[in-house]
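Understanding the architecture of this molecule
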Amino acid sequence: MNARHSHFTSRALLVVLGACLCAQAASAQGHWGEGINIAGEAVNAGLGHEAEASVGGTFTSGNFRSPSMGKTVWSTQAQAAATSAFEDLYLTGVFGFDLSYGKGMMGSMFSDPGFYPIDVLEFTPGDKVKQTYTIGGGFAWKNGSRWTPGATASFQGVNYAKRKDLRHTTYRQEFEIAPSVHYRGDAFEAGLTGIFRKDSEFITAEQVGQAKADSYMAFLDKGMRYGTMQVWDGSGIHLNEPGVNRLPVKQYTYGAALQASYGKLLYGDLQYTHSIGEVGEKGYNWFRFPGNNLETKLILTLPGDGMVHKITASYEWHSMENYETVTEKVTEGGVTTPRLHGSNIIYRHKDMSASMQYALGHKNGWRAMGGISFDHARDLSTLMYPYYDDDRSLHMSLNAGGAVAIGRFLIRGNVKFIQKIGEHSHVVDVADASLGVKEPPTRLQDWWDREQEAADATRFVVIAAVRYSFPSGIYLEANTFWIHAFKVVLISGNDRQTSGLKLGYNF
């Protein structure tokens, strides 16, 4: 299964943590706070100003982890966000900084393993440092008419480095702009948002001193841990080639989203994006990976006797193909240039997820939530014809949680149970046996087996946070994330935890 859509990526765990702990706050933002249309959010927001600033830190440990995760990870964060709603103008802004230090790390050289369909792995455990900068903001002009324009923009930069051979420095940038327009009728509202996003990342690697006989090998993963194993500066790895001394990746995403609501009862949105990605530069484009993504959700809000019921149904579908190009270096007049002869599709990925969530908000301030979701993924590797590898899986997750205020304490918690449904379908076969090909493509089988065990393991997740708010607006919060997996054989442990402290100020 592609790590990008696995249940076992660190990125996914952080998203779950944030979603579960902040679910009760999201419901207070109204329907339009659930989407990306800032103009609709502005029209439905009340007047006033609010801001929050916080600093904190987390510590992560435990052996239920992918091979690219650190044995232990220390992290510090600083964040600030503000919203100002005037009669004619709506403004938002956010800033964040995260510094993480991981020990005993190896594997992927990318800052977000699994985000792209290729990967480069190294095999010397060492310490890694990652710095993440985030800044963004938006505005909407409430001009007194039925039409409200607005736009948001965000930027994120990541510096990721390892200082033990095989050394590498990775730089990542993400930029997104989303112009929006909102129409407000008597009971019906509608909105339209354009989406443009660019993400890019490049890896520079180096070796200091003389390498040992069997040291500093690297593996270029071309999907499902099939690929090329060579010395790190070999021509098949693309980390250090004449004219291109780094591995660059870039991706452009274009799309649009539609939103609509009927009073406070019903809200729905539909979003589609198409992406175009490539690996390489200066005419050396080794891979191309187009993709498509569709997301939709429908929210029904029903008021009751001193409480509000909210039911959310959502669906997401994603597809991606990776093409490896056939390039020849041609020298004419002493000048060497790349010449493209064609491309072969080497990897396909499709996944879909569907979920149903229920949330209850009481007038006394307590909230409860629960839901169920299904995730199906299919990966197909056709790296070397006639061999193919077809991998399919289906997982179900159940979650329940809530929040309650007791005096100046706010207690939030969520539990989640994830399990594979049925058998994990995995077929490795030959499309045409008459060709007589006997050697399959190279694969990191040990890594693949451990990642598959992690993705398929039945596991239980507990997320909890306790916040104490002082009269001055300052608060102190302790939070924890704990995951326990059952019947793990290949991975060296069953547990993984993240514990943190945060000091913040609301004003």
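Everything in this summary refers to the structure shown in the same document. If you're wondering where the values come from, they're calculated on a predicted model, not measured in any experiment.

Quick notes on the overall build of the protein chain
- For the protein chain, the helix and strand inventory stands at three helices and 22 strands.
- At 24 Å, the protein chain has a C-alpha radius of gyration in line with the 23 Å of a compact globule built from 507 residues.
- Taking the principal axes of the C-alpha coordinates as reference, the protein chain spans close to 70 × 50 × 45 Å.
- The burial tally for the protein chain puts 42% of its 507 residues in the buried class.
- Within the protein chain, residue pairs in contact and separated by at least 24 positions form 66% of the contacts whose partners lie at least 6 positions apart.
- Of the side chains in the protein chain, 47 bear a positive and 50 a negative charge, and the two mean positions are spaced by 4 Å.

Description of helix 3 (residues 445-456)
- If you check helix 3, its first and last C-alpha atoms are 16 Å apart, about what 12 residues at 1.5 Å a residue would give, namely 16 Å.
- When we look at burial in helix 3, the residues that qualify are Trp447, Trp448, Glu451, Gln452, Glu453, Ala454, Ala455 and Asp456.
- Buried residues belonging to helix 3 abut strand 3 (89-108), strand 4 (119-141), strand 17 (387-406), strand 18 (409-420), strand 19 (425-430) and strand 20 (459-469).

Structural notes on a nonpolar patch on the surface
- Side chains of Val55, Phe470, Ile474, Leu476, Leu503, Tyr505 and Phe507 sit close together on the surface and give an oily, nonpolar patch of about 630 Å² of accessible area.
- Of all elements in the fold, only strand 21 (474-485) and strand 22 (495-506) reach the threshold of two or more residues within the nonpolar patch.
- Inspection of the secondary structure puts Phe507 in the segment after strand 22.

Thoughts on unusual backbone geometry
- Cis geometry marks the peptide bond from Asp165 to Leu166, where omega comes out at 0°.
- Structurally, Leu166 can be placed in the loop between strand 5 (147-162) and strand 6 (167-184).
- Cis peptide bonds are those with omega within 30 degrees of zero, and the linkage from Tyr385 to Pro386 qualifies with 10°.
- Relative to the helices and strands, Pro386 resides in the loop between strand 16 (367-381) and strand 17.
- Even without being a glycine, Met224 presents a positive backbone phi close to 60°.
- Tracing the chain through its elements places Met224 in the loop between strand 8 (217-221) and strand 9 (227-231).

Comments concerning the packing of aromatic side chains
- Within this structure, the stated rule accounts for 13 aromatic pairs.
- Between Tyr171 and Phe202, the aromatic rings sit 5.3 Å apart at their centres with planes inclined by 40°, giving tilted as the arrangement. One end of the pair, Tyr171, is in strand 6; the other, Phe202, is in strand 7 (residues 188-206), with 31 residues separating them in the sequence.
- A relative accessible area of 37% means that Tyr171 is categorised as partly exposed.
- On the numbers, 4.9 Å between centres and 80° between planes, the contact of Tyr468 with Phe470 is edge-to-face.
- Taking relative accessible area as the criterion, Tyr468 reaches 27% and is therefore assigned partly exposed.
- Geometry around Trp448 places Arg443 over its ring, the cationic atom sitting 4.3 Å from the centre.
- Note that Arg450 overlies the ring of Trp447, its terminal NZ or CZ placed 5.6 Å from the centroid.

Looking at the environment of Trp32
- Within the secondary structure, Trp32 sits in the loop between helix 1 (10-26) and helix 2 (38-43).
- Accessibility expressed as a relative area gives 2% for Trp32, which makes it buried.
- Distance in space between the C-alpha atoms of Trp32 and Val231 is 52 Å, their sequence separation being 199 residues.
- If near-sequence neighbours (up to four positions away) are discounted, Trp32 is found in contact with Asn37, Gly40, Glu41, Asn44, His182, Glu189, Ala190, Gly191, Gln259, Ala260, Ser261 and Tyr267.
- At a separation of 3.5 Å, a polar atom in the side chain of Trp32 contacts the side chain of Glu189.
- Side-chain polar atoms of Trp32 contact the side chain of Ser261, separated by 3.1 Å.

Thoughts on the pairing of strand 16
- Two elements, strand 15 (residues 335-362) and strand 16, share 15 bridges in a ladder whose sense is antiparallel. Paired with Tyr358 across the bridge in strand 16 is Gly370.
- Where strand 15 hands over to strand 16, the hairpin turn is made up of four residues, of which Gly365 adopts a positive phi near 105°.
- Count of turn residues in the strand 16/strand 17 antiparallel hairpin: five residues.

Scoring rules and cut-offs
- Residues numbered from 1 in each chain as written.
- Predicted model: local features only at pLDDT ≥ 70, side-chain atom pairs only at ≥ 80, totals over all residues.
- Heavy atoms only, no water.
- Helix = DSSP H or I, 4+ residues; strand = E, 2+ residues; numbered from the N terminus.
- Rg over C-alpha atoms; globule rule 2.2 N^0.38 Å.
- Buried < 20%, exposed > 50% of the residue type's maximum accessible area, 1.4 Å probe, protein only.
- Contact = heavy atoms within 4.5 Å.
- Lys, Arg positive; Asp, Glu negative; His and termini not counted.
- Charge placed at Lys NZ, Arg CZ, Asp CG, Glu CD.
- Expected span 1.5 Å × (residues − 1).
- Patch = residues over 30% accessible without salt bridge, like charges linked within 9 Å, V, L, I, M, F, W, Y side chains within 5 Å.
- Areas by Shrake-Rupley, 256 points an atom, 1.4 Å probe, with all protein chains shown as cover.
- Salt bridge = Lys/Arg side-chain N within 4 Å of Asp/Glu carboxyl O.
- Phe/Tyr/Trp six-rings, centres within 6.5 Å; stacked < 30°, edge-to-face > 60°.
- Lys NZ or Arg CZ within 6 Å of the ring centre and 35° of its normal.
- Polar contact = N/O pair within 3.5 Å; in protein donor to acceptor, adjacent residues only side chain to side chain.
- Pairing = 2+ DSSP bridges.

In short, the description is geometric, and any link to function would need to be established separately.
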